[in-house]
Amino acid sequence: MSSPQELVPQTESIAEVYATDDASVISVAPEHQQRWTGLVSQFQKLYNHRPDFVARSPGRVNIIGEHIDYSLYDVLPTAVSVDVIMAVKVVPASAGTTVKIANVTPEKFPTREFSVPHDADIEIDPKKHEWINYFKAGLLGALKFLRKTKSDGSLIPASMEILVDGNVPPGGGISSSAAFVCASALAVMKANNHNVSKQDLLDLAVVSERAVGVYSGGMDQAASIFSKRGYLLYTQFFPKFKVEHVSIPTAADEITFLMAQSFVTSNKADTAPRHYNLRVAECTLAAVILAKHYGLTLPKDNSSLGYSLRNFQLELMTKEERLQDPLEYQIDSVIQATMDLLTQEQGYTREEMAQLLGISVPELESTFLSAFPVQAERFLLRQRALHCFKEARRVLDFKACLNKAAQLDEKRIHYLGQLLNESQESCRTAYDCSAPEVDDICSIARRAGTWGSRLTGAGWGGCTVHMLPQGKVEAVTTALRNEYYLKKFPDISAEKLEQAMVISKPSNGSFVITGA
Ligand code: NG1
Ligand code: MG
């Protein structure tokens, strides 16, 4: 195995591979190869010619570091093998630019055709759930980027014919959205002859996803774009975005990650005002209120709402402490500050928060609660900040443990599992983003032999991830089948049951295939 840690040059371009290359280069498993060939031949039938290229971007699983990317703390996700693949033919743009987009399952995802304005942004209505919204989001971000590269801002985007095949379960917590948006943005860049760098694709994909109404951090898109087969992706957002490939050490019994769906889906576009976006607002408000207590002015940063808990931490430390104290210790002191200062267990009303900040309620609303809709009477600042800081420390501990040795002994493995279990407990109690079904899955799995089990992704249902010895895979999947899936969904189809649990192999990030 190569070195445990590898820094990734940010300017690296998205890999382009040729269809005739050895499939192992591109981590296309034999069973998936069929999907690729199928996509190309279906494209040919549909449009009467072969595609110019296929753009691909995968889903992701987050191993640890939940709901802290938007507070600019480090996270540890990796890409999974399920992905979105998109065959594209560039059609000379005659009078106007048009996009024809079809899906391999047209019954579920009907074919659409639309025109692309040359001098305005394409409009997306996040309230109208349309499968092509995610394509449009990628298109929007890519065209904005491309326009900026033109001195006069003008651009005549290429017309495209597209066929999409995605096998990332939607609403399943492994980021079908990021896979779709990243693949779409990549396809548009390539169709317009732009060899996009990974960093640029990330930046524009994060902004793109916000167009669909979710104030996401950047973890999903980073994992979908930058991951490398066999490695976890240590992702830092502060002070600047940076990624490192971290290898999974060997152990007496091979460390395996299993993903298990809860089949409880939380539609983010609908629930965001009470769930996801509310949490983003709570963390931001906790940061500015804590800062205000200390008479600190937080600098604006690139977190979703412009102020982050991470920046509060930095501002609180004296210059000396910043240089001398390890980050773990610095986190301990912000945990203490939160416990001392944000004492209201029952949360804070808008009036109370405005008072603490010395501003009016309308000012509070326009500064922190107007970028996206938020529905709440009380804001649980204490619990959310404590989750964030402690989860941030768990990520550091997890990574330090992985880096310590190429071979992990029993004690260390149990420690990693314990960190995962603590993360779940904190998501359940302090962050309130678990669900009874998710808790149920985690308990069943632990009883059957996982080292650690937790939700992955935004939560409120969705997906779970489990770290377990290879030798326990059979026992754990059997327990989950009998005690969760068959019990909760007695009529579950064999096909759905098969998709419910997947061994997640860290896979490669986005790439383009030409010459198919
Ligand atoms: P999901 O809902 O799994 O795509 C979301 C955010 C991430 C991160 C996690 C929680 C989006 C697109 N992604 O993931 O950035 O904040 O929740 O850790 O909203
Ligand atoms: Mg998503």
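Remember, predicted model here, so these are calculated numbers, not experimental data. Within each chain, residue numbers correspond to sequence positions counted from 1 in written order. Written order determines the labels here, with chains lettered from A and ligands numbered from 1. Reporting of local features is limited, given that this is a predicted model, to residues whose pLDDT is at least 70; pairs of side-chain atoms are given and counted only at 80 or more, and all residues count toward the totals for whole chains, interfaces and linings.

## A few points about the packing of helix α7 (residues 276-293) against helix α8 (residues 309-316)
Moving on, step 1. Two elements in contact, α7 and α8, have axes separated by 8 Å at closest approach and are oriented at 20°. It follows from the interaxial angle that α7 and α8 lie roughly parallel. The element α7 and its partner α8 pack so that their crossing is left-handed. Mapping the contact onto sequence places Cys283, Ala286, Ala287, Leu290 and Ala291 in α7 and Leu309, Asn311, Phe312 and Glu315 in α8.
Moving on, step 2. When residues are sorted by character, Ala, Val, Leu, Ile, Met, Phe, Trp, Tyr, Cys and Pro go into the nonpolar class, Asp, Glu, Lys and Arg into the charged class, and all the rest, Gly among them, into the polar class. Tallied by class, the residues present in the contact of α7 with α8 amount to seven nonpolar, one polar and one charged. Whenever a helix is involved, its axis is fitted only over the stretch in contact; in every case the axis is a line through C-alpha atoms, and angles between N-to-C directions fall within 0 to 180 degrees. Secondary structure is summarised from DSSP: a helix means a run of H or I of at least four residues, a strand means a run of E of at least two, and numbering begins at the N terminus for each. Oblique is the label for every angle not falling under 35 degrees (roughly parallel), over 145 degrees (roughly antiparallel), or within 65 to 115 degrees (roughly perpendicular). Definitions for this section: a left-handed crossing has its near helix turned counterclockwise from the far helix by less than a right angle. A right-handed crossing has that turn clockwise. A pair of residues counts as a contact when their C-beta atoms, built from backbone coordinates, are separated by no more than 7 Å.

## Considerations on the UniProt feature "domain: Galactokinase N-terminal" (unreviewed entry) in the protein
Moving on, step 1. UniProt positions are given in the numbering used here, feature names are shortened, and annotations may be inferred rather than shown by experiment. When the UniProt feature table is mapped onto this chain numbering, "domain: Galactokinase N-terminal" (unreviewed entry) sits at residues 42-89.
Moving on, step 2. When the span residues 42-89 is considered, its composition is 12% helix and 54% strand, and the gap between its end C-alpha atoms is 13 Å.

## Some words on the nonpolar core
Moving on, step 1. If you look at the biggest cluster of nonpolar residues, it comprises 149 residues, and the most contacted ones within it are Met86, Ile162, Cys182, Ala185, Leu186, Leu201 and Ala286.
Moving on, step 2. When residues of this core are assigned to their parent elements, the largest contribution, twelve residues, is made by helix α3 (residues 176-191).
Moving on, step 3. The residues contacting cysteine 182, other than those within four sequence positions of it, are Ser57, Leu201, Ala205, Gln221, Ser224, Ile225 and Ser510. Each nonpolar core consists of buried Ala, Val, Leu, Ile, Met, Phe, Trp, Tyr and Cys residues. Their C-beta atoms, within 7 Å, join them into a set. Buried means a residue has 20 or more other C-beta atoms within 10 Å of its own C-beta, exposed means 12 or fewer, and partly exposed covers the counts in between; C-beta atoms are placed from the backbone.

## Some words on the packing of α7 against helix α11 (residues 350-357)
Moving on, step 1. One way to put it is that α7 packs onto α11 with a least axis distance of 9 Å and a crossing angle of 40°. One element, α7, and the other, α11, form an angle in the oblique class. The crossing of α7 and α11 is left-handed. Residues Leu285, Val288, Ile289 and Lys292 of α7 touch α11, and the partners they reach there are Met353, Leu356 and Leu357.
Moving on, step 2. The residue inventory of the contact of α7 with α11, partitioned by class, reads six nonpolar, no polar and one charged.

## Some details on the site of ligand 1
Moving on, step 1. Close to ligand 1 lie 18 residues; Ser175, Ser216, Gly217, Gly457 and Ala458 are nearest.
Moving on, step 2. Listed by contribution, the elements that provide at least two residues to the shell around ligand 1 are α3 and α5 (219-226).
Moving on, step 3. Within the shell around ligand 1, the residues separate by chemical class into five nonpolar, eight polar and five charged. For each residue, a C-beta position is placed from the backbone atoms; the residue is near a molecule or strand when that point lies within 6 Å of it.

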